[in-house]
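These are the residues of each chain, in order.
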Amino acid sequence: MTEIEEVVDEGTEHKTWKGKLWSVVKIILIIAVTGGLLYYVFSKVPFVKIKYRLLHADRRWLAAAISCYVGSMLFSSWRLLSFFKSIGLKLDWRFNLRLYFLGLCYNVLLPGGIGGDGYKIYLLHKRYNLPTKKVFWAILFDRLSGFWAIGAIVVGLIILIPNFPYHLAYPLTIVLIGSVIYYIVARKFFRDYTHKFFTAHAKAIGVQSMQLLCIVCLLMAQDFNGKFAPYLLSFLFSSLAAVIPFSLGGGGIRDALFLTLAREFNLTEDMAVYLSFGFYLISIIVALFGVYYVLRPKRLEEGLHGINEDQQE
C-alpha cells in the first residue's frame with residue numbers, strides 16, 4: 001500500500017456510515033454541479049466555437065500562458081511557505097514545492113475527498129506532530145491573502161474601466177479600510193500567523209498578477225487588440241466564485257460567471273468562455289504534474305538531507 005493510500009485510509013477509517021454516505025453524495029453533487037454548469041454555458045455559447053479558438057490559437061502565446069500559470073503556482077507555493085514559517089515550520093523549499101503540486105493533483109483526482117489541503121494538514125501533522133488546527137489556520141490565511149490580493153488588484157483595474165458608475169474613491173476606501181481591519185484582527189487574535197504577514201501578501205499579489213498575465217497571453221493567442229481590463233476584471237470576479245468547493249477545480253462556476261459578466265461588460269461571449277475554459281484546462285494540466293508523486297511518493301523527499309534536520313536548523 002502506498003503512503004497516499006494510507007493517508008486516505010486513515011482519513012476515512014473513523015468515519016461513521018453517515019460520514020461515508022455524505023462523502024459519496026458530495027462527490028456526486030460536485031460532478032453534477034460541474035457538468036450542469038458546463039452544459040448551461042455551452043448551451044449559450046456552442047462548444048464548437050470554443051474548440052475552434054483553442055485549436056487555432058497561437059501556440060507560442062499558449063505556451064506563454066502555461067508558463068505564467070506555472071509561475072503563479074511557484075509564487076503560491078512560496079507564499080504558503082511564508083505562512084508555514086510564521087508558525088515555526090521550517091520546511092525545505094523543494095519539499096514544500098513538491099507537496100504543493102501533489103496537493104494540486106489531489107484537488108483534481110479526489111474531489112470532495114481528502115483534498116490537497118487535507119493531505120498537507122495530515123502529512124505535516126504526522127511528520128512534525130503539530131496540532132492540525134495550527135496547520136489548518138496557516139493554510140486558511142494563505143487563502144485569505146489570495147482574496148485580499150484579488151480585491152486590491154480589482155481596484156486597480158477599475159481605473160481602466162470606462163464609464164464605471166461609482167467614483168474610484170469608494171472602492172479604494174473599502175479596500176483600504178478592509179485591509180486595516182483585516183490586519184488588526186489577524187494581529188490581535190492570530191498573532192502567530194502574522195510574522196510574515198506583509199511578505200506573504202506581497203507574494204499573493206505576485207500570484208494573482210501571474211494569473212492575469214496568463215489571461216493576457218490567452219487573449220494575445222487570439223490576436224486580440226481590444227481592451228484588456230474588462231476581461232481581466234471579469235476573470236478576477238470569476239476566480240472568487242471558483243473557490244466554492246462544489247465544482248471540479250472551479251470548472252463550470254468560473255465559466256458561468258465569466259459568461260454572465262461578459263454580458264454586463266458587453267464582451268464577446270465566446271471569447272469570455274474561451275478564456276475561462278482555457279484557464280481551467282491549463283490548471284488541470286499543471287495540477288497533473290503532481291501525479292508523479294502520487295505514483296512515486298518516496299520521491300517527495302528525495303534529495304533532502306532529512307526533513308527533521310531542516311526543522312531543527
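Residues numbered from 1 in each chain as written. Predicted model: local features only at pLDDT ≥ 70, side-chain atom pairs only at ≥ 80, totals over all residues. Heavy atoms only, no water.

**Examining the packing of helix H4 (residues 59-86) against helix H12 (residues 269-287)**
Two numbers describe how H4 lies on H12: the axes approach to 10 Å, and their chain directions differ by 60°. Taken together, the axes of H4 and H12 lie oblique to each other. Judged by the twist between their axes, the crossing of H4 over H12 is right-handed. For the pair formed by H4 and H12, the contact residues are Leu62, Ala65, Ile66, Tyr69, Val70 and Met73 on the first element and Tyr274, Phe279, Ile282, Ser283 and Val286 on the second. Residue composition of the contact of H4 with H12, by class: ten nonpolar, one polar and no charged. (Axes fitted to C-alpha atoms, helices over the stretch in contact; angles between N-to-C directions. Helix = DSSP H or I, 4+ residues; strand = E, 2+ residues; numbered from the N terminus. Parallel < 35°, antiparallel > 145°, perpendicular 65-115°, else oblique. Left-handed = near helix turned anticlockwise from the far one by under 90°. Contact = heavy atoms within 4.5 Å. Nonpolar A, V, L, I, M, F, W, Y, C, P; charged D, E, K, R; others polar.)

**Here we look at the environment of valine 216**
For valine 216, the location among the structural elements is in helix H9 (residues 197-220). Sequence-wise, valine 216 and tryptophan 61 are 155 residues apart; in three dimensions their C-alpha atoms are separated by 9.1 Å. Valine 216 has contacts with Phe228 and Leu232, leaving out every residue within four places of it along the chain.

**Observations regarding the packing of aromatic side chains**
Following the criterion strictly, the structure yields 22 aromatic pairs and no others. With centroids separated by 5.3 Å and ring planes inclined at 85°, the aromatic side chains of tyrosine 69 and phenylalanine 279 adopt a geometry described as edge-to-face. Separated by 210 residues along the polypeptide, tyrosine 69 in helix H4 and phenylalanine 279 in helix H12 bring together distant segments of the chain. Phenylalanine 279 shares its class with tyrosine 69; the two are buried. If you follow lysine 188 out to its NZ or CZ, it ends over the ring of phenylalanine 189, 5.8 Å from the centre. (Phe/Tyr/Trp six-rings, centres within 6.5 Å; stacked < 30°, edge-to-face > 60°. Buried < 20%, exposed > 50% of the residue type's maximum accessible area, 1.4 Å probe, protein only. Lys NZ or Arg CZ within 6 Å of the ring centre and 35° of its normal.)

Everything listed here is a matter of geometry and, on its own, says nothing about what the molecule does.
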